[in-house]
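Structural overview
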Amino acid sequence: MNLHRVLTVAAKEVRHLLRDPRSLALMFLLPAMMLFIYGYGIRLDLRQAPIGLLQEAQDADSRELAAHLAASPAFRVLRFQDRRQLRDAVGARAVWAALVIPDDYSLQLQQGRAQVQLVLDGMDANTARLLRNEVLQLVTDLALARGRPPGMVTVEMRTWFNETSESRYAIVPGVIVMVMGVVGTLMTALTIAREMESGNVALLRTTPLALGEFLAGKLLPYFVVGMLDVAGSVLVALVVFDVPLRGSLAELAGVSALFLLVVMAQGALISLNAGNQVLAAQMVQVTTFLPAFLLSGAIYAIANMPEAVQAVTLVVPARYFVTLSKAIFLKGTTQGVLWINVAALSAQLALLTLGFLRRGRVLGLR
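Under the annotation held in an unreviewed UniProt entry, the protein chain carries the name ABC transporter permease and is attributed to Caenimonas terrae. In UniProt, the protein chain has this text filed under Sequence similarities (unreviewed entry): "Belongs to the ABC-2 integral membrane protein family."

Things to note about the overall build of the protein chain
The helix and strand inventory of the protein chain stands at 13 helices and 5 strands. Relative to its full complement of 366 residues, the protein chain shows a buried share of 46%. Of all intrachain contacts in the protein chain linking residues separated by at least 6 positions in sequence, the fraction that spans at least 24 positions is 78%. Carbon and sulfur atoms make up 63% of the accessible area of the protein chain, which amounts to about 17900 Å² in all.

So, the sheet that holds strand 2 (residues 75-79)
The sheet built from 5 strands is open, its strands ordered 2-1-3-4-5 with mixed pairing. The open sheet has two free edges, formed respectively by strand 2 and strand 5 (153-160), since each of these has just one partner strand. Within this sheet the neighbouring strands show an average axis-to-axis angle of 25°, counted without direction. Taken together, the 5 bridges between strand 1 (residues 49-55) and strand 2 define a ladder with parallel strand orientation. Residue pairing across strands places A49 opposite F75, the latter belonging to strand 2.

What about the pairing of strand 4 (residues 114-121)?
Buried residues dominate strand 4, accounting for 7 of its 8 residues. Where strand 3 (residues 97-101) lies against strand 4, 4 bridges are found, and the strand directions are antiparallel. Considered in strand 4, the bridge of L99 is made with L118. Pairing analysis gives 8 bridges linking strand 4 to strand 5, with the strands arranged parallel. Bridging from a neighbouring strand, V116 pairs with V155 of strand 5. Note on the crossover from strand 4 through helix 6 (residues 125-145) to strand 5: the handedness is right-handed.

Details of unusual backbone geometry
Trans is the prevailing form of peptide bonds, just as negative phi is the prevailing case for residues other than glycine. Positive phi is not limited to glycine here, since D242 has a value of about 60°. Among the secondary structure elements, D242 is positioned in the loop between helix 8 (211-239) and helix 9 (249-274).

Digging into the environment of P291
With respect to the secondary-structure elements, P291 resides in helix 10 (residues 277-294). Remark: the alpha-carbon pair of P291 and V315, spanning 24 residues in sequence, is separated by 9.5 Å. Among residues more than four places away in sequence, those in contact with P291 are V286, S296 and V316.

Considering the environment of R63
With respect to the element layout, R63 can be found in helix 3 (residues 60-71). Between the C-alpha atom of R63 and that of I101, which follows or precedes it by 38 residues, the distance is 9.5 Å.

Brief notes about a nonpolar patch on the surface
Taken together, the side chains of L235, V236, V239, V240 and F241 make up a nonpolar region of the molecular surface, amounting to roughly 460 Å² of accessible area. Here F241 lies in the loop between helix 8 and helix 9.

Here's the deal with the nonpolar core
F259 and F329 are the most contacted members of the largest nonpolar core, which totals 62 residues. Per element, the largest residue contribution to this core is 12 residues, and it comes from helix 9. Apart from the residues within four sequence positions on either side, F259 is in contact with V177, M180, G181, P317, A318, F321 and L345. Listed in part, the 29 residues of the second largest apolar core include I51, F75, W96 and L142.

Concerning the pattern of salt bridges
Summed over the entire model, instances satisfying the criterion amount to 6 salt bridges. In this structure, the salt-bridge partner of R158 is E156, at a minimum N-O distance of 3.4 Å. Using a relative accessible area of 27% as the deciding quantity, one classes E156 as partly exposed. Counted as one network, the salt bridges with shared partners bring together R93, D121 and K331.

Focus on the packing of aromatic side chains
Within this structure, the stated rule accounts for 2 aromatic pairs. Centre to centre, the rings of F259 and F321 are 4.7 Å apart; their planes meet at 20°, and the pair counts as stacked. Of this pair, F259 sits in helix 9 while F321 sits in helix 12 (residues 317-331); the two residues are 62 residues apart in sequence, bridging distant segments of the chain. In this structure, F259 and F321 share a single accessibility class: buried. Here the aromatic rings of F289 and F293 are separated by 6.1 Å at their centres, their planes lie at 10°, and the arrangement is stacked. One end of the pair is F289 and the other is F293, both in helix 10 and 4 residues apart, which spans about a single turn.

Let's talk about helix 4 (residues 83-91)
Along helix 4, the residues that are buried comprise L86, A89 and V90. One face of helix 4 carries all of its buried residues, which in axial projection span an arc of 95°. Looking at the buried positions of helix 4, the neighbouring elements they touch are strand 1, strand 3, strand 4, strand 5 and helix 12. With a side-chain oxygen positioned 3.1 Å from the backbone nitrogen of R84, the residue opening helix 4 is D82. After helix 4 finishes, the residue R93 shows a positive phi value of roughly 60°.

About the criteria used
- Residues numbered from 1 in each chain as written.
- Predicted model: local features only at pLDDT ≥ 70, side-chain atom pairs only at ≥ 80, totals over all residues.
- Heavy atoms only, no water.
- UniProt positions renumbered as here; feature names shortened; annotations may be inferred.
- Helix = DSSP H or I, 4+ residues; strand = E, 2+ residues; numbered from the N terminus.
- Buried < 20%, exposed > 50% of the residue type's maximum accessible area, 1.4 Å probe, protein only.
- Contact = heavy atoms within 4.5 Å.
- Areas by Shrake-Rupley, 256 points an atom, 1.4 Å probe, with all protein chains shown as cover.
- Pairing = 2+ DSSP bridges.
- Axes fitted to C-alpha atoms, helices over the stretch in contact; angles between N-to-C directions.
- Right-handed = clockwise from strand over helix to strand, strands pointing away.
- Patch = residues over 30% accessible without salt bridge, like charges linked within 9 Å, V, L, I, M, F, W, Y side chains within 5 Å.
- Salt bridge = Lys/Arg side-chain N within 4 Å of Asp/Glu carboxyl O.
- Core = buried A, V, L, I, M, F, W, Y, C linked by side-chain atoms within 4.5 Å.
- Phe/Tyr/Trp six-rings, centres within 6.5 Å; stacked < 30°, edge-to-face > 60°.
- Arc of directions from axis to C-beta.
- Polar contact = N/O pair within 3.5 Å; in protein donor to acceptor, adjacent residues only side chain to side chain.

Structure follows, in structure tokens:
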């Protein structure tokens, strides 16, 4: 091996890197983002998780259990007056779980065996499992502190929206979102970047084709392919993974189409800023795949992230579609959940399309 030739090739590659500062910046940005998100944003334990409490009795034993729950750093306790309020709060995901202390709790303790009820929201199976373990540990610790046998107080578990507590029920709808997001963005980014590399986009100046018409024409075939991917993914979720579809298939198709348009518009804007396929693929990785995987709520609960990171997730399109997908599959979505998230995706689609058109005009395109 000739060291001089090796150093010559290395010097040439350094000059290439310096001529492409965007690729160089991404090399430093990607590990920094991963360290920040994994180290600061992702929590696998519970901190101030919202839990509902219905204390049907006002005796000393019930108040002691309620105070023990409120003192735990894992929970943020919200009190309710009746079971209907509690049910609505769990359904709206205002709380992730609900603990019911029955009105005869103290009498049960005197008789030697008591029971409380824990209702869990199974839309996020991992978080539900953490909540269950924390409550069981809390009840056991309280019993031991009072010199009672650990099994004297039992916790009756009820898991809503995922009765079998299957993690795939919560994960598969989220994975569909990530697949759609990455594929939709990458397909669009690469096809337009390829046109820019070959100089075809610049030829738009000599044709009557408007920039908006060019964008619509480029997106249409990939939109059809993307929707076929959605249909195939939903079919696999229902048939292979046996995930229940409790909402409307028409609603799922509609929000899927909207989300696909958003990520395709995002890919188009990335391609105009990148200018070549290699950089476009790198930018898709940083701006689409990582946020969709880590910050969308598909795997890690957003509400369990620090508030600063929760604010960052507001600009991640996958966040809204994950909420819609899980709600339609597992709950049958309510109008409030539907329209709030649809409005957010519609606003992002408008902003991304406007950004594409403005960037195209900056590049001299019509």
